[in-house]
Amino acid sequence: MSGPTFTTECKAVTLERALYGAGIGLIHQDAELAIRYAENLPEHFDVSAGLIGMDDRALFGEDDGRRLLSVKAAVLKSGEPTTTEIESKTPEGIKIYELKLQQTRDGDRIGVLSIISDVTDSRHRERVLKSLLRELSHRSKNLLAIIQGIAMQTARHTISLDYFLVKFRGRLQSLSNSQDLVTDSSWRGAYLFELAEKQFAPYWPDRARPLRVQGINAHLTPNAAVHLGLALHELIVNSATHGAIAAGSTAISIDCRQLNYEGHDAIEVVWTELTANRRQNSDFDDKSFGRSVLERVVPSSVNGRSIFTLEPHRIEYRLTIPDTEFELIGQAS
C-alpha cells in the first residue's frame, strides 16, 4: 500500500507551517550571494521593498551585511558549514539571531542556505548564569578570606587547643548563620532584625521574652550582614559567658536609627547591655580578637565607624553603617 502523494504546492505549505511553528527563518542565496528565497523572517526586518536579487546588506544593514557576506563566501568556497550570530535592534530591544550556514548544490549550481533562529532568551540566560557564577566566585573568595582571618586571629589569641576549637567553631557558626540569610535572599543581603534573631537564637535564655530589637529594620548588603553578624556574635558570646545572659537576665537591647555620617545618610546600630553585678571578667581585653572585631575589623569592612564602651555595669557598642551598605525597603526615610 503506497503512502499519500504530496504535490509541490502541498510540500511548500507544509514546510511553511513547520517553519512558523518552530520559529525558524530561511534564506537561500545563489553563488553571487543574491537572495533567491526567503521565508518566515522575523517581523521587524523590513522586507517591504522585496529581497529577491538583493544581498545581506539589504536585510541586516551595512556592517552586519558585509560581515555575513564574507562568512558566506567562505562557506561557498570551502563547502564547510558554519554558525554565526548577529544582534539586531528592535522596538522590544536587542534581539540575537543565530545563523546556521551551509552550502547547497543543485547540479552545477551552488548556493548558501541560512537557517535563522532567535536565541535572545537563551543568550540572556547564559549571560545571567555567567554573571552569577562570577559573583559566586567573588563572594566565595571573600568568604574564604574572612574564614582565614578568623582562624589566624583566633589562633593568635588562643591559650589552648580546646579554647581555639571552641572559639573558632562559634565564629564559623556565626558566619554560617549570617550566610544562610544572605543565600536565602539570592545574595541580596539580610534584614537587621532577622540577622540579630538568628545570631541570638543559640544563646537567648528566655524564649517567652523576645529580644528587644527596635528602630529601623534596615536591609543590609551581604558584606554588612556578614560583618555585623560577627560583631553581634562577639557581644552575645561575651554576654553568655560573663554578662547579662550568663546571669539569667534579658537586659539587652538593639536599636537602629538614622543619622548623617560624613555628609551622607547612614544608620547607627546600638547594642546596650546592663548587668546587676560588677563584671569581673570579660572577653574584651585590649588585645583580644573580639575587641579587634568590634573596633577595627567590622567598621573598616563596612566603611563606617564604631564606639565601644565597656563599664562595670554596662556595655554599649555603636556601629555606624553608611548608605552604601544598606537599603530602607518599604520604610519612610
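Coordinates for the structure precede this section.
Residues numbered from 1 in each chain as written. Predicted model: local features only at pLDDT ≥ 70, side-chain atom pairs only at ≥ 80, totals over all residues. Heavy atoms only, no water.

*Asks:* Any chance you could explain the pattern of salt bridges here in plain terms?
*Replies:* Throughout the structure, instances matching the rule amount to 17 salt bridges. For the salt bridge of Arg-57 with Asp-55, the shortest nitrogen-to-oxygen distance reads 2.7 Å. Exposure remark for Arg-57: the relative accessible area of 33% places this residue in the partly exposed category. The exposure class of Asp-55 is buried, given its relative accessible area of 18%. Here Arg-109 and Asp-106 are joined by a salt bridge, their closest N and O atoms 2.9 Å apart. For Arg-109, a relative accessible area of 60% puts it in the exposed group. Salt bridges sharing common partners tie together Glu-268, Glu-311, Arg-314, Glu-316 and Arg-318. (Salt bridge = Lys/Arg side-chain N within 4 Å of Asp/Glu carboxyl O. Buried < 20%, exposed > 50% of the residue type's maximum accessible area, 1.4 Å probe, protein only.)

*Asks:* Would you mind going over a nonpolar patch on the surface with me for this structure?
*Replies:* On the surface, Leu-129, Leu-133 and Leu-136 cluster together into a nonpolar patch covering about 270 Å² of accessible area. Topologically, Leu-136 is positioned in helix 4 (residues 120–156). (Patch = residues over 30% accessible without salt bridge, like charges linked within 9 Å, V, L, I, M, F, W, Y side chains within 5 Å. Areas by Shrake-Rupley, 256 points an atom, 1.4 Å probe, with all protein chains shown as cover. Helix = DSSP H or I, 4+ residues; strand = E, 2+ residues; numbered from the N terminus.)

*Asks:* Mind showing me how you'd approach the environment of Leu-26 here?
*Replies:* Mapped onto the elements, Leu-26 comes out in strand 1 (residues 24–29). Separated by 15 residues in sequence, Leu-26 and Leu-41 have C-alpha atoms that sit 7.0 Å apart.

In short, shape yes, function no, at least from these values alone.
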